[in-house]
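# Notes for the structure review
So you can see what is in the structure, the chains are spelled out below.
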Amino acid sequence: MSEIENGHGLQHRREAITGLGDALRLLIEQATATEAPTAELLRAAELIRQAAAPLGERVRGRFETAAADDLLGGVRLYNPVTGLGSAFAPPLEIHREGDVAVGTCSLGRAFEGPPSFAHGGVSAMLLDQMLGYAVTVSGRPGMTVQLDTGYRQPVPLYTPLRLTAQVVTVENRVVTATGTIATVDDPGTILVRATGKFVALLAEQAQRLFGPVTGSDR
Ligand SMILES: CCCCCCCCCCCCCC(=O)SCCNC(=O)CCNC(=O)[C@H](O)C(C)(C)COP(=O)(O)OP(=O)(O)OC[C@H]1O[C@@H](n2cnc3c(N)ncnc32)[C@H](O)[C@@H]1OP(=O)(O)O
């Protein structure tokens, strides 16, 4: 019997994945910001390799979803933007306020582009996720086919951010959504804006792209 075949085991594993994610995010933040002596860097590298080794003893293949995930239920613990288990995720927390998706996060050193500000690609990644969420909860999920971003002011690191997204038009299979990034303290000053187009997949496209993951090709 697998470790997580009952609900308690699943919850326990999700908490453990979140705990590991927290530890990895702390590690990335400290490793990016550190000015510790060189000997400490060498020692840390050795310790990290030791910690990583047992995790690599049982891994999933490219088309296998994580045992603790629930693909159809929207639980993706390793999503690189929202996943609590992801070392890379800020993580961005998203909820709904009526028709608007609202997200919050803060970006550390690892997301730096211009000194003390976020990398532009990171802003685009956050907004792609926000728009994708708004499109999904509108009931017409799709894949991003176009994402246009306008950078009005740089996004500061170590500052609580407020992101928004909403669907603006639906034309056949194409859903258009817009989104913004501002700070929590000054939500009226838009730092980055984005417009994205999302296309609902035909059954044939979904089968071609995701059949190996969902098992519908077996
Ligand atoms: C509660 C649960 C919450 C869960 C939250 C989850 C959040 C998830 C968030 C995830 C966020 C992250 C999300 C990600 O990161 S998604 C990852 C990034 N995106 C991709 O990898 C997509 C790559 N593209 C493709 O595979 C194909 O283009 C697909 C298969 C999507 C469509 O195939 P194809 O290209 O052959 O198209 P079609 O012949 O079927 O045509 C369909 C319609 O689309 C129109 N069209 C096509 N391209 C464009 C374009 N560039 N601008 C404007 N329109 C375009 C086209 O005119 C036609 O319109 P119409 O004639 O029907 O009007």
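Quick notes on the rules
Residues numbered from 1 in each chain as written. Predicted model: local features only at pLDDT ≥ 70, side-chain atom pairs only at ≥ 80, totals over all residues. UniProt positions renumbered as here; feature names shortened; annotations may be inferred. Helix = DSSP H or I, 4+ residues; strand = E, 2+ residues; numbered from the N terminus. Expected span 1.5 Å × (residues − 1). Contact = placed C-beta atoms within 7 Å. Core = buried A, V, L, I, M, F, W, Y, C linked by C-beta atoms within 7 Å. Buried ≥ 20, exposed ≤ 12 C-beta atoms within 10 Å, placed from the backbone. Pairing = 2+ DSSP bridges. Axes fitted to C-alpha atoms, helices over the stretch in contact; angles between N-to-C directions. Near = placed C-beta within 6 Å. Nonpolar A, V, L, I, M, F, W, Y, C, P; charged D, E, K, R; others polar.

## Notes on the UniProt feature "domain: Thioesterase" (unreviewed entry) in the protein
- As recorded in UniProt, the feature "domain: Thioesterase" (unreviewed entry) lies at residues 117–183.
- Along residues 117–183 the backbone is 27% helical and 45% strand, and the end-to-end C-alpha distance reaches 13 Å.

## What about helix H4 (residues 203–214)?
- With 12 residues, H4 extends just 13 Å between its outermost C-alpha atoms, more than 12% less than the 16 Å of an ideal straight helix rising 1.5 Å per residue.
- Within two residues after H4, Gly-215 carries a phi angle of roughly 85 degrees, on the positive side.

## Quick word on the environment of Gly-132
- Tracing the sequence through the fold places Gly-132 in helix H3 (residues 120–137).
- Sequence spacing of Gly-132 and Ala-101 is 31 residues, and the spatial spacing of their C-alpha atoms is 9.9 Å.
- Once you skip the residues sitting within four places of it in the chain, Gly-132 turns out to touch Thr-144 and Phe-198.

## Details of the nonpolar core
- Counting 27 residues, the largest nonpolar core has Met-130, Leu-131, Ala-134, Ala-165, Ala-177 and Ile-181 as its most contacted members.
- Those elements that provide at least two residues to this core are H3, strand E4 (161–171), strand E5 (174–183) and strand E6 (192–199).
- Broken down by element, the residue count for this core peaks at seven residues, all from H3.
- Sequence-distant contacts of Ala-165, that is, excluding residues within four places in its chain, are made with Ala-101, Met-130, Leu-131, Tyr-133, Ala-134, Ala-177 and Gly-179.

## A short note on the sheet that holds strand E3 (residues 143–151)
- Read from one edge to the other, the open sheet built from six strands follows the order E1-E2-E4-E5-E6-E3, with strand pairing classed as antiparallel. Strand pairing shows two members of the sheet lacking a second neighbour, strand E1 (93–97) and E3, which therefore form its edges. With strand direction ignored, the average angle separating the axes of adjacent strands in the sheet is 20 degrees.
- Here E4 pairs with E5 via 10 bridges, running antiparallel. Along E5, the bridge assignment pairs Thr-169 with Thr-176.

## As for the site of the ligand
- Close to the ligand lie 20 residues; Gly-74, Gly-132, Met-143, Val-145 and Asn-172 are nearest.
- For the shell around the ligand, the secondary structure elements donating two or more residues are H3, E3 and E6.
- Per-element tally for the shell around the ligand: the top contributor is H3, with six residues.
- Grouping the constituent residues of the shell around the ligand by class yields eight nonpolar, eight polar and four charged.

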